[in-house]
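Residues per chain are reported as follows:
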Amino acid sequence: MCYSLSLQSPINFRNRHALKIHGDRAVLISNSATLGLPERDRRGKLLLCHGKGVHSLRFGGNVDVKLCGIPRHRLRVHCSDARRMPEDRHEAEKTAEAVTVTDQPDFSEFITSERVKVVAMLALALALCNADRVVMSVAIVPLSLSRGWSKSFSGIVQSSFLWGYLISPIAGGTLVDRYGGKVVMAWGVALWSLATFLTPWAADTSLWALLAARAMVGVAEGVALPCMNNMVARWFPPTERSRAVGIAMAGFQLGNVVGLMLSPILMSQGGIYGPFVIFGLSGFLWLLVWLSAMSSAPDRHSQITKFELEYIKQKQQTSIRENKRNTTGVIPPFRRLLSKMPTWAVIVANSMHSWGFFVILSWMPIYFNSVYHVNLKQAAWFSAVPWSMMAFTGYLAGYWSDLLIRRGTSITLTRKIMQSIGFIGPGIALIGLTTAKRPLVASAWLSLAVGLKSFSHLGFLINLQDIAPEYSGVLHGMCLTAGTLAAIVGTVGAGFFVELLGSFQGFILLTAILYLLSALFYNIYSTGERVDFDSAA
């Protein structure tokens, strides 16, 4: 483990087994027998073992250095450990003496930190978000049979969620940038949980009431991802954001698994509407914990340690504007945001992501039921397996993405690598899906497609924080609105496409081609650098 040491004034440490500076060059010194570094990493570095060294070590001012092999109880270095050099006293009187030590936390420290608790609650919220969303994908099968709905009309009923989802993301993203993620997420969860809970009553009242209830779920859930993106940007430094997004989106995908697997079981015990009641009540339980234990930003959190707060602040590598709420105006600069091609890169990527996501989410239970003639419970389980894969690969992708950045790979190249895997991989896998003759083989191809799709979260999704940290909420809302339009076309279009051609295969091939074209567009126009939205193109 290594620690970063920043010094603003020259001081002399009497602890000889720490570290020495030669001019502007850092020299590593360990009190361990060996440092354990490859030979090529020792060039330009001096290794002093325990019992050897100089009587005192002088640290030059205005330097950033690394300490390796220092025991944890020696982590915090204080000025009392040092004395000023006489020739530097005059200069020291002008510059305030400051010593700050920040470590790159190990896994145990990371997993028990307050910021991980925040992202865990976000993951639970997103799991509920998708569980409330996906339950209709299972319930639509018995509802269609009992009410005589065609496949095209079933697609319209399922798309009612998307009509609501179309309305709120931009307004929700603007509110998130202005008021923070805690308040907006709380309102969102409360509203979609209430609408889910009331869905059985709406379905028994009239078709229009059912459509309105599902649309209200969509309206409320439109703020979920902008809230997640905003809070990750505030709580996590750049070197940890990919993992944070991976954890949050793992919860998002596990919501699909929970919804698809539990819905048939709950329906068998409590009727068609059982899952709606259970998932709706779960949202209110989550809300109690969220309001009592979370905050929108780390400096507002009552339980965070001073060490973790300093770590987050020092590792943030963005401007002050990112760390302050966007309160300069109520109306975001939409024209300037849309004048830059990196904005269109993330919009196109999000649109394709939503197309593929909602087509797979909405139609796979029907696909397995009609193409492979499996029963509803089996169809739900075959459809749930791919989302389990996505939750697992999503965290691995996040860890790999952070590792690439820490090892010096540019943010731009890292985002493009993740996005390429996340779109080209599913495109190829969906082509393989069209050749499957058995449900197990089809589920395997679908699992590969959805699993690789999770890499795109570390492409376009986290890219919003790179190019526009101060507008990440509203920009995410714009992306979600465009993505919702694409999802409506895909979800409704799939039903009509299947009725006209009598097969899912052609629509799956079309989706595969769109994945490949979207990957090309993103790689041409995207960037990992901050974009200047203060001036028009």
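Keep in mind that this is a model prediction, so the values were computed, not measured.

What counts and how
- Residues numbered from 1 in each chain as written.
- Predicted model: local features only at pLDDT ≥ 70, side-chain atom pairs only at ≥ 80, totals over all residues.
- Heavy atoms only, no water.
- Helix = DSSP H or I, 4+ residues; strand = E, 2+ residues; numbered from the N terminus.
- Buried < 20%, exposed > 50% of the residue type's maximum accessible area, 1.4 Å probe, protein only.
- Polar contact = N/O pair within 3.5 Å; in protein donor to acceptor, adjacent residues only side chain to side chain.
- Contact = heavy atoms within 4.5 Å.
- Salt bridge = Lys/Arg side-chain N within 4 Å of Asp/Glu carboxyl O.
- Core = buried A, V, L, I, M, F, W, Y, C linked by side-chain atoms within 4.5 Å.
- Domains from an automatic or database assignment.

(A) Structural view of the side chain of threonine 484. Among the structural elements, threonine 484 can be located in helix 19 (residues 472-501). The buried category is assigned to threonine 484, whose relative accessible area is 1%. Polar side-chain contacts of threonine 484 include one of 2.6 Å to the backbone oxygen of leucine 480. With sequence-adjacent residues up to four places away left out, threonine 484 is seen in contact with Leu162, Tyr165 and Leu166.

(B) Fine view of the pattern of salt bridges. Inspection of every chain in the model, using the stated rule, returns 5 salt bridges. Two residues, glutamate 240 and arginine 115, come together in a salt bridge whose shortest N-O distance is 2.8 Å. Note that glutamate 240 is positioned in the loop between helix 8 (224-235) and helix 9 (241-270) and arginine 115 in helix 3 (residues 114-147), a separation of 125 residues in sequence. With a relative accessible area of 0%, glutamate 240 lands in the buried category. Of the residues examined, arginine 115 reaches a relative accessible area of 2% and is grouped as buried. With a closest N to O distance of 3.3 Å, aspartate 402 and arginine 243 form a salt bridge. Remark: arginine 243 occurs in helix 9 and aspartate 402 occurs in helix 15 (residues 376-406); sequence separation between them is 159 residues. Take aspartate 402: its relative accessible area is 0%, and that puts it in the buried class. According to the relative accessible area criterion, arginine 243 is buried, its value standing at 8%.

(C) Fine view of the nonpolar core. Within the largest apolar cluster, 132 residues are counted, with the highest numbers of intra-cluster contacts made by Met228, Trp286, Trp290, Phe368 and Trp387. Among the elements that make up this core, the one with the highest residue count is helix 3 (18 residues). For this core, the two domains that each supply at least three residues are domain 1 (113-321) and domain 2 (336-536). Apart from the residues lying within four places of it in its own chain, the contact partners of tryptophan 387 are Gln253, Asn256, Val257, Leu260, Phe357, Ile360, Leu361 and Val450.

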